[in-house]
Amino acid sequence: MLHKKMTQALNEQINREMYSAYLYMAMSAHSAKVGLKGFANWFMVQYHEEMYHAMKLYEYVQRQGEDVVLQAVSQPPAEFESPLEMFTKTLAHEQYITKSINELMELAISKKDHATQIFLEWYIIEQVEEEENDNDIIAQLQLIGDNPHALLMLDRELATRATTVVTDFSKGIEDAAQSAGA
Ligand code: OFO
């Protein structure tokens, strides 16, 4: 059982993670359109990660015996000026998500909700990785500048990113993640 405010805040976080998935799907579509298939792959892998983040929350709310209440997902932008703009927007979005996770943790602490605090620790560490990945790619894009050859080299590198999270949510993701060693 969760406090009413905690349930509501976790449901709102499901929506934010779904928007993240949608945003990265839009970036994937744009990258494919401009011929950057490696960037398209990177963002589609990120889409799967965000769906996993959303579903982990979804399952936690259900396991606590509370109602999952889904809200409308906002429309993401469809056009981006450059790969650097996409990653700058990605980093800004992830910083916003980090802030929202920290606020969830503060709420869990104020409600003396130990289970939710432990659950949220995973997200807090995950956000460090999310921001680090974006900062690394932004630094590379800044070095690349207007060099198309170097951009294509990075595109080839981003093409190698593989999905490591569970993508089949039908059997319960916690069990599936444990058996996959995730
Ligand atoms: Fe769910 O970490 Fe990005 O948004």
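Residues numbered from 1 in each chain as written. Predicted model: local features only at pLDDT ≥ 70, side-chain atom pairs only at ≥ 80, totals over all residues. Heavy atoms only, no water.

- If you look the protein chain up in an unreviewed UniProt entry, it shows as Ferritin from Desulfofustis glycolicus DSM 9705.
- Within the UniProt record for the protein chain, the comment given under Sequence similarities (unreviewed entry) is "Belongs to the ferritin family. Prokaryotic subfamily." (UniProt positions renumbered as here; feature names shortened; annotations may be inferred.)

### Some points on a nonpolar patch on the surface
- On the surface, a cluster of nonpolar side chains totalling about 230 Å² of accessible area is made up of Tyr-22, Met-25 and Val-73.
- Among the structural elements, Met-25 can be located in helix 1 (residues 4-33).
- Residue class for Met-25 comes out partly exposed when judged on its relative accessible area of 32%. (Patch = residues over 30% accessible without salt bridge, like charges linked within 9 Å, V, L, I, M, F, W, Y side chains within 5 Å. Areas by Shrake-Rupley, 256 points an atom, 1.4 Å probe, with all protein chains shown as cover. Salt bridge = Lys/Arg side-chain N within 4 Å of Asp/Glu carboxyl O. Helix = DSSP H or I, 4+ residues; strand = E, 2+ residues; numbered from the N terminus. Buried < 20%, exposed > 50% of the residue type's maximum accessible area, 1.4 Å probe, protein only.)

### Some details on the side chain of His-30
- Position of His-30 among the secondary structure elements: in helix 1.
- Residue His-30 is classed as buried on the basis of its relative accessible area, which comes to 6%.
- Setting aside residues no more than four positions away along its own chain, His-30 makes contact with Ala-78, Glu-79, Phe-80 and Met-86. (Contact = heavy atoms within 4.5 Å.)

### Quick word on the pattern of salt bridges
- All chains considered together, the criterion is met by four salt bridges.
- Between Lys-99 and Glu-103 there is a salt bridge, with its nearest N and O atoms 3.2 Å apart. In this pair, Lys-99 and Glu-103 are both assigned in helix 3 (residues 83-110), four residues apart and thus about one turn of the helix distant.

### Focus on the UniProt feature "domain: Ferritin-like diiron" (unreviewed entry) in the protein chain
- When the UniProt feature table is mapped onto this chain numbering, "domain: Ferritin-like diiron" (unreviewed entry) sits at residues 1-145.
- Secondary structure content for residues 1-145 is 80% helix and 0% strand, while the C-alpha to C-alpha distance between its ends is 52 Å.

### Digging into helix 5 (residues 148-158)
- Every buried residue of helix 5 is listed here: Leu-151, Leu-154, Asp-155 and Leu-158. Within helix 5, the buried residues cover an arc of 105° as seen down the axis, which keeps them to one side. Turned more than 90 degrees away from the buried face of helix 5, the exposed residues are His-149 and Arg-156.
- The elements touched by buried residues of helix 5 are helix 2 (37-63), helix 3 and helix 4 (114-144).
- Measuring from the side-chain oxygen of the N-cap residue of helix 5 to the backbone nitrogen of His-149 gives 3.0 Å; that N-cap residue is Asn-147. (Arc of directions from axis to C-beta. Polar contact = N/O pair within 3.5 Å; in protein donor to acceptor, adjacent residues only side chain to side chain.)

### Description of helix 2
- Look at helix 2: 39 Å from first C-alpha to last across 27 residues, which is about the 39 Å you get at 1.5 Å a residue.
- Gly-65 sits one or two residues past helix 2 and shows a positive phi near 80°. (Expected span 1.5 Å × (residues − 1).)

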